[in-house]
Amino acid sequence: MKIAVVLGTRPEIIKMAPVIDEIKSNNSEVILIHTGQHYDINMSKQFFIDLNLPVPNYNIGIGSYTAIKQVSVIVSELEEILQKENPDIVLVQGDTNAVLAGALASNKLKIPVGHVEAGLRSFDKDMPEEINRLIADNCSLLYFVPTKETAINLLNEGVNHNQIFVTGNTIVDACMRHKDIALAKSDISDLVKFDEYITLTMHRAENVDDPERLKNIVNSLINLPYNIVFPIHPHTKKSLINLGLYESLKNKENIQITKPLGYLDFLALLSKSKLLLTDSGGVQEEAITLNIPCVTLRYNTERPETITNGGNILAGADSEEISNNIKNILDKAEVYQKMANAPNPYGDGKSSKKIYNIIKESYDKNELQIKKAKEIMDFKGYHLYNITEDITVKQYETKNKYSIIQQVFNEGNPENIEENLNLKNKIIIVKEFEKT
């Protein structure tokens, strides 16, 4: 079995590292395709070295192109690579331009796509990442979702429940894989001048490319009484300089700005933090995995489980809101402890093994393919039924051959659909076909 993995940015490399391990340990062939979406040496090549990963088989090297140019170049290059390698499945992870391009190219070549971390939704189509998620999911065959809530998002969009697998999030696997290595190898503690500190990351376009938002965030930072360590993204630094804000941060004694950090250094930094302040998606997951309270500089998040479970708070880009939330957490021991001990919604660190086993089972059953229609089927529509008999999802669909249960509601609340779920006293929405 040959599995191609398309990687673009640091979070993708980090989260797919344990999946790549799993593929190799099972003697399946892995083809690594790196798009080079992060063009700084500290944000691309070094990650593979840090994580003891093999050098990519292909490096597209798109660098600092615009988003449209990035996608078009990756799609064009992937066409040639994928035709040459002819993998059994292409794996993409997350919501970057590499994910969008990888899913599109594979789908057009009729190669199955497995989307790791599928189903996340911020419900904000102004976010480029949201569009990437939606399109990638529409191109996929296998959906590896981190939680039941993300599975329900896909069910709401019409995805067949038989293609959705709740695996947990590979960020837990990655943190377990890398934390001890990071603490052993990293010398970041020698560079940080504070014993207690907030770790700050900020790179989202909706913040760093919006002058008003960026000014509000900076205003809150320079007025906080706490120590802050800020590994600065090159684009963020450029925006701060252009707006005349960089020096106001740099000149604060309680704010330490560092160059972009390698993953192991950043993981070591984060693991010793008192609190995380971020606009990243993936780092929200790392924080709750490492028991670090998080304040997110956004008005929505595709990781709502971190909020529901109590480890994360949305503060947007309002100066007062940011300051008040940070002070409430750090100045109140009860609030801090509750957030630090929030249960992790992302699993037990075995997500990568689950993902590989699902792929292997599909391959062994000859189901790892985009199948052509062989029967003429008439779509009869969606129908709602109140189920009173004692019957499972699998039994219902076996009995009603051309019906697919699309949604299940229990006392008004949606449930994830699994084949052994008992439907008695539940309302279902069924997608029905008729053979003609």
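Structural data are supplied above this passage.
Before going into details, it helps to say that this report is about the structure given with it.

Here is what the cut-offs are and how they apply
- Residues numbered from 1 in each chain as written.
- Predicted model: local features only at pLDDT ≥ 70, side-chain atom pairs only at ≥ 80, totals over all residues.
- Heavy atoms only, no water.
- Pairing = 2+ DSSP bridges.
- Helix = DSSP H or I, 4+ residues; strand = E, 2+ residues; numbered from the N terminus.
- Axes fitted to C-alpha atoms, helices over the stretch in contact; angles between N-to-C directions.
- Buried < 20%, exposed > 50% of the residue type's maximum accessible area, 1.4 Å probe, protein only.
- Lys, Arg positive; Asp, Glu negative; His and termini not counted.
- Salt bridge = Lys/Arg side-chain N within 4 Å of Asp/Glu carboxyl O.
- Polar contact = N/O pair within 3.5 Å; in protein donor to acceptor, adjacent residues only side chain to side chain.
- Contact = heavy atoms within 4.5 Å.

A few words now on the sheet that holds strand β13 (residues 312-314). Pairing is parallel in the open sheet, where six strands are placed in the order β10-β9-β8-β11-β12-β13. Unpaired on one side and paired on the other, β10 (255-258) and β13 mark the two borders of the sheet. In this sheet, adjacent strand axes meet at a mean angle of 20 degrees when their direction is disregarded. Where strand β12 (residues 294-296) and β13 come together, three bridges link them in parallel fashion. Across the sheet, Thr296 pairs through a bridge with Leu314, a residue of β13.

On to the side chain of Asp279, then. Within the secondary structure, Asp279 is located in the loop between β11 (275-278) and α14 (282-289). Buried and unpaired, Asp279 has Arg204 as its nearest opposite-charge partner, separated by 5.1 Å. Reaching out from Asp279, the side chain makes a polar contact with the backbone nitrogen of Arg204 at a distance of 2.9 Å. When near neighbours in sequence (up to four residues on either side) are disregarded, Asp279 contacts Thr201, Met202, His203, Arg204, Asn207, Leu297 and Arg298.

This part covers the sheet that holds strand β16 (residues 413-415). Within the open sheet, the four strands sit side by side as β14-β17-β15-β16. Their pairing is antiparallel. Only two strands of the sheet have a single neighbouring strand rather than two, namely β14 (377-387) and β16. When strand polarity is set aside, the average angle formed by the axes of neighbouring strands in this sheet is 25 degrees. Sheet topology note: the strand β15 (residues 403-410)/β16 ladder contains three bridges and is antiparallel. Its bridge partner being in β16, Asn410 is matched across the sheet by Asn413.

Worth remembering: the numbers are spatial, not functional.
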